[in-house]
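Coordinate inspection notes
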Amino acid sequence: MDFLAQLLDRLPRTGTPVTGAWIGPYWTAVQTGLGTGLAATQREAGPTHGEHAQRLPGAGRLLQMSARELAEGVLAELPLARSVGLAALNALLPEPAGRISERNAGDLAAERGAGRTVGVVGWFPFIPQLRQAAARVEIFEQDPAGGFALTPERTERLARCDGLCITASALLNGTLDGLLQAARPGAWKLLVGPSAPLCRAVLDLGFDAVCGARVRDPGPVVRVLQEGGCFQQMRQTGAVRLLTLEA
């Protein structure tokens, strides 16, 4: 069973209603009585109208579905359905408990990676800071030709890393399971980004820490994402907290 399927399997099988669902060009949000979940908006190239247009199943009826039903979209083939599904999954999570803090992901990565080889999957603003602390930083980004394909060369480089900082977008683009399989046994792993589920289950499934976001006031967040804003603009409203949950 892959990572997302295991994570979904650990959610309560309740009929929690959806009270809001919004899909912006960059961010998607789903609201329940437990909270508001975020996920990066993923879309595939293709027609937007006509017989072969991309179609989000249930569009126009999302508020009639339970949050658990929406969360099952994380396993769908359609990228947009996965975004809605992950946002719904995050909207079902209670306030995280345990070793929770507002510790910066960059500080945590630099501390754990000091003098070691660290792999970074995705792009983060803390990469310069990490380069100063680590002995070596291996960057894994989308390739213009091969996309996110885990090539033999990438697999070999991943296996050399003492630790990995993995973007939460790996949950959405279907690459996370391959990354985890390629990682060196015993390598520490951080899941980083506003799409990351802040819950103990992520730690139980192999991560040492998850650095994500909790929405404290959905109004400004929804307004920004509907108007085409980025996550930094959401943060500037003061309506989102960045939190780190450690094992």
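Now for a look at the structure at hand. Bear in mind the structure is a predicted one, so any value in this text is a computation, not a measurement.

Some words on the sheet that holds strand 9 (residues 209-215)
With respect to topology, seven strands assemble into an open sheet ordered 4-10-9-8-7-5-6, the strand pairing being mixed. Strands at the two margins of the open sheet, each flanked by one partner only, are strand 4 (99-101) and strand 6 (136-140). The average angle at which neighbouring strand axes cross in this sheet is 20°, direction not considered. As paired strands, strand 5 (residues 117-121) and strand 7 (residues 163-167) are joined by four bridges and run parallel to one another.

Re the pairing of strand 2 (residues 27-32)
Taking burial as the measure, the six residues of strand 2 include six buried ones, the bulk of the element. Here strand 2 shows a buried face lined by Trp 27, Ala 29 and Gln 31 and a second buried face lined by Thr 28, Val 30 and Thr 32. The hairpin formed by strand 1 (residues 18-23) and strand 2 contains three residues between the paired strands. Counting the residues between successive antiparallel strands, the hairpin from strand 2 to strand 3 (residues 35-40) contains two residues.

Re the nonpolar core
Core analysis: the largest hydrophobic core is formed by 64 residues, its most contacted members being Leu 38, Ile 166, Leu 191 and Met 234. Top contributing element to this core by residue count: helix 3 (residues 79-91), with eight residues. In terms of nonpolar packing, the next biggest core, distinct from the first, is built from 17 residues, Ala 109, Val 118, Val 120 and Phe 124 among them.

Considering the environment of Val 192
Position of Val 192 relative to the elements: it lies in strand 8 (residues 188-192). Assessed through its relative accessible area of 7%, Val 192 is described here as buried. Setting aside residues no more than four positions away along its own chain, Val 192 makes contact with Ala 105, Phe 124, Phe 126, Ile 166, Thr 167, Ala 168 and Cys 211.

Concerning the sheet that holds strand 1
With antiparallel pairing, three strands are arranged side by side in an open sheet as 1-2-3. Sheet topology places strand 1 and strand 3 at the edges, where each strand pairs with a single neighbour. Taken pair by pair, the neighbouring strands of this sheet meet at an average axis angle of 15°, ignoring direction. Here five bridges tie strand 1 to strand 2, and the two strands are oriented antiparallel to one another. Of the residues in strand 2, the one forming a bridge with Val 18 is Thr 32. Running at roughly 150° to strand 3, helix 3 makes contact with strand 1, strand 2 and strand 3 of the sheet.

Some thoughts on the packing of aromatic side chains
Throughout the structure, instances matching the rule amount to three aromatic pairs. Residues Phe 3 and Phe 207 carry aromatic rings whose centres are separated by 5.7 Å and whose planes lie at 85° to one another, so their mutual orientation is edge-to-face. One end of the pair, Phe 3, is in helix 1 (residues 3-9); the other, Phe 207, is in the loop between helix 8 (200-204) and strand 9, with 204 residues separating them in the sequence. Of the residues examined, Phe 207 reaches a relative accessible area of 2% and is grouped as buried.

Conventions and cut-offs
- Residues numbered from 1 in each chain as written.
- Predicted model: local features only at pLDDT ≥ 70, side-chain atom pairs only at ≥ 80, totals over all residues.
- Heavy atoms only, no water.
- Pairing = 2+ DSSP bridges.
- Helix = DSSP H or I, 4+ residues; strand = E, 2+ residues; numbered from the N terminus.
- Axes fitted to C-alpha atoms, helices over the stretch in contact; angles between N-to-C directions.
- Buried < 20%, exposed > 50% of the residue type's maximum accessible area, 1.4 Å probe, protein only.
- Core = buried A, V, L, I, M, F, W, Y, C linked by side-chain atoms within 4.5 Å.
- Contact = heavy atoms within 4.5 Å.
- Phe/Tyr/Trp six-rings, centres within 6.5 Å; stacked < 30°, edge-to-face > 60°.

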